[in-house]
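Fold and geometry: a report
What follows is the residue order along each chain.
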Amino acid sequence: MEKNYNHKNVEEKIYKMWEDGGYFRPEICEEKRKELNLSVNKETFCVLMPPPNANAPLHCGHATYSIQDLMTRYKRMQGYRTLYVPGTDHAGFETQVVYERQLKKQNKSRFDFDSKTLFNDILSFVKENSTLAINQLKKLGMSSDWTRSTFMLSDQVLSTVYNTFEKMHKDGLIYRDVYLVNYSPYHGTTFSNLETIHIEATSPLYFVKYQIKNSNDYISVATVRPETIYGDVAIAVNPKDKRYTEYVGKVVTNPLNGREMKIIADDYVDLEFGTGALKITPGHDFNDYEIGRKHNLELISVIDLEGKMTQDAKDVAGMNIKSAREKSVEILRNKNALEKIDEKYTNNILVDYKDNKPIEPLLMPNWFVKMDKLALNALQAVKKDRVKFNLPVWKKEMISWLSNIRDWPISRQIVFGIRIPVWYNVDECGSSHIVFLDKNKNRIEGLGKNLLDKYSLEEIGQGLQKIIAGVDTKYLISKTRPGERFLQETDTFDTWFSSGQWPLTTLKYPDGEDFKKFFPTSFMDSMWDILFFWIARMIIFSLYLTKEIPFKQVFIHGRVDDEKGQKMSKSRGNVIDPITYVDKYGADALRMGLLVGGNPAAKTTSFSEDKVRGYRNFANKIWNIARFIEMSESDAQFDKNKLDYADDKQIIDDMEKLIKEVNTKLNKFKFNLAGDTIYHFIWHNLADKYLESIKKREDKKSAMTVLGYVFKNCIKLLHPFMPFVTEEIWQNLYKKDQKEPLIISSWPE
RNA sequence: GGGCUUGUAGCUCAGCUGGUUAGAGCGUUCGGUUUACAUCCGAAAGGUCCUUGGUUCGAGUCCAUGCAAGCCCACCA
């Protein structure tokens, strides 16, 4: 053994030995343990890997997969039939954004391609780079069964997702509706509520006069969006507001288009704010939409999908929102309908989480999942602890989210995703809006009935970019084209619709062997940022399809921040690439830095090079204990009844205590405490005290036997944390007596 | 507006159901060519455990108030 531990000579070699030996596969482990007369537990232990984006390099967050691998290795050594299932995600929206940036560099955009071509181009871009993430996970030491790896766009996944959609439709859980959605004109797609955020902005607040019919009075209304006045259908005041009591029920004139609108009373209106009177624009504001429904008001769209004003916006039709706003203000001013402007007004505007571009609430036909009943099942499962959480706070958050759930818009207007398996008969969707590239690659847009006169169905189908079918358009659900005259819905599923079924698709629901053996799974590790996006949806889907929960235990880990406790971000320039630390200090040190250097269960945990370096030193420490043992002679087999020295008895005592403590802590998922306990024992008890004391003994042989025995148990306890260096030491020291590699050796109980 | 979390050594953080002299990594100072390791060893400095009050034989740990920082949800036109 070399004087210093060098991870570079070890990690790749050891990983290959494990993988080639099939030790990541439950079947082979079971077989080998039986051959060697090691106990085999009938129970299974299964962990699903949250699928990383197929084409992006790993970031620090992925290094927390060490938690999953730690649990896997722990249970594997305990003799459970252990399976850690890997996979990769297509990450629809994220990937498309990255790809579109590439296109932009070539002066192209998504509009230059028909959707089929664009999809295939993005897919091959993903495939070209898809081994990147997997290879990096291997470098971290993940002991997952790569022969079972699943890709989110594989046939198996598609088939399950389609079947689920069909079943939900049959059960009346899928509906199509015009709904006010979060639409991003910039990205050209809808976002769910979870994907939008509010940011503070300064927007001029305009006070607009609405003339009361047959009177000289007017009501003044404050708004930051005068261009939407074209879509106003009412004025609302609070019923308790004495200033306006006499006006309720009267009629005002819309200052921009002359529409006659009622003054209604609704206690949603805040008496304190603005003038106490609110314009109601159900087509472009979520609260107004609710009020509109309550009072049976008309829905008017004055902004279209491109972010331009519609024909209903008369004088400003065709303009973009910004110019339309300026123009509207000008018109109001000319009509003497503008009372005043508060230029310094600050408000919160709705933007997307990705690029912080404005979201327009727009009326759009969309596919929805009815959530009330589905969520109720999940809620009960969580309340009854059928799914356990590592901290009570996550259970609470889950309960409150599930209790206040809204219907889920599942259609996205992006290309890179799983296309919704819905087909329209072109002869029945004449009023649908269709966009396609003709054979000369010119972008053609119009109503279905008009286009079909000029173009062949084949040409439209070939170049198809988008169909926006009316809510009442007839459709068929089918995995394949149901007939000559059919075009498929161009919307794709929200990525969480497919990843929400990950426990089912990876294990090959409903008939796969793995599904029968390993479902429900045992341990699910994830960060809190996708608690609702993902964890909740997996519970919902599993309960819906199988009546079973998808996993028994959820472990929520924290965000990995930099050494100053600041969030890592590209703009701050403090992003740490985990692989550079693996190269510099070894995967073992990196894993310890995350698992033991902080508290992985805390909301955030700080990570630094110093920590990793500290644990690299620890790897070297145990390496040198191993060298010391290798260089000294020992004579007999360890026998607990033949301990002559008090020191020997003490260290054995301490070791037994250590084993108990580590087991207790691991079973409570206190990984940092378990690891820290081992660290202390090895360095400050075993090495600094015991090992130093026996150097002075005359008869060293018996002491070396004790040391060898204690150290062997330490190496086992440490294996789930630091798999590489422990396995390498095991191969050097204990191969003579132990035929099995450390990875499947028996755990000290 | 509603909810949550955190406040411990110079820095980043551990501290399990309350129980002796409060710990780690890095940093600082002093001393070590001990034949496993300088990626090391020995020693030291450094903490009113945010404030105040309470429960208790006993509080870093439990409760309340205040102060400070951060997060999540909802969003007032």
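As shown above, the structure is provided for reference.
Throughout what follows, the structure given in this document is the object of discussion. Quick caveat, the model's predicted, so the values are computed rather than measured. (Residues numbered from 1 in each chain as written. Chains lettered and ligands numbered in written order. Predicted model: local features only at pLDDT ≥ 70, side-chain atom pairs only at ≥ 80, totals over all residues. Heavy atoms only, no water.)

**Structural notes on the pattern of salt bridges**
Selection criterion: A pair is scored as a salt bridge if a Lys or Arg side-chain nitrogen falls within 4 Å of a carboxyl oxygen belonging to Asp or Glu. Here a strand is any run of E in DSSP of at least two residues, a helix any run of H or I of at least four, and the numbering for each starts at the N terminus. Working definition: with a 1.4 Å probe on protein chains only, accessible area under 20% of the residue-type maximum means buried, over 50% means exposed, and in between means partly exposed.
Here the structure, examined in full by the defined rule, presents 37 salt bridges. Here aspartate 610 makes a salt bridge to arginine 613, at a shortest N to O gap of 3.1 Å. Pair noted here: aspartate 610 and arginine 613 are both in helix 21 (residues 609–631), with a separation of 3 residues, about one helical turn. Under the relative-accessibility criterion, arginine 613 is labelled partly exposed at 33%. Among the salt bridges present, the one from lysine 665 reaches glutamate 661, with a minimum N-O distance of 2.8 Å. Highlighted residues: lysine 665 and glutamate 661, both in helix 22 (residues 646–667), separated by 4 residues, approximately one helical turn. Via salt bridges that share partners, Arg25, Glu27, Asp145, Arg148 and Asp514 belong to a single interconnected network.

**Concerning the packing of helix 11 (residues 372–383) against helix 12 (residues 392–403)**
Selection criterion: Interaxial angle, 0 to 180 degrees, is taken between N-to-C directions of lines fitted to C-alpha atoms, where a helix line uses only the stretch in contact. Small angles under 35 degrees read as roughly parallel and large ones over 145 as roughly antiparallel, with 65 to 115 read as roughly perpendicular and the rest as oblique. Two helices that cross are described as forming a left-handed crossing if the nearer one is turned anticlockwise from the farther one by less than a right angle, and a right-handed crossing if clockwise. Only heavy atoms enter the contact rule, under which two residues are in contact if any of them lie within 4.5 Å.
The contact between helix 11 and helix 12 brings their axes to 9 Å, and the two run at 160 degrees. In terms of axis orientation, helix 11 runs roughly antiparallel to helix 12. The crossing of helix 11 and helix 12 is left-handed. Contacts between helix 11 and helix 12 pair Ala375, Ala378, Leu379, Val382 and Lys383 from the former with Lys395, Met398, Ile399, Leu402 and Ser403 from the latter.

**Things to note about the pairing of strand 21 (residues 433–437)**
We count it as follows: Between any two strands, at least two bridges found by DSSP are needed for them to pair.
Strand 21 sits mainly inside the fold: 4 of its 5 residues count as buried. Sheet analysis places strand 21 next to strand 22 (residues 443–447), joined by 5 bridges and oriented antiparallel. Residue pairing in the sheet places histidine 433 in a bridge with leucine 447 of strand 22. The hairpin formed by strand 21 and strand 22 contains 5 residues between the paired strands, and lysine 441 there has a positive phi angle of roughly 65 degrees. Sheet analysis places strand 21 next to strand 23 (residues 464–468), joined by 4 bridges and oriented antiparallel.

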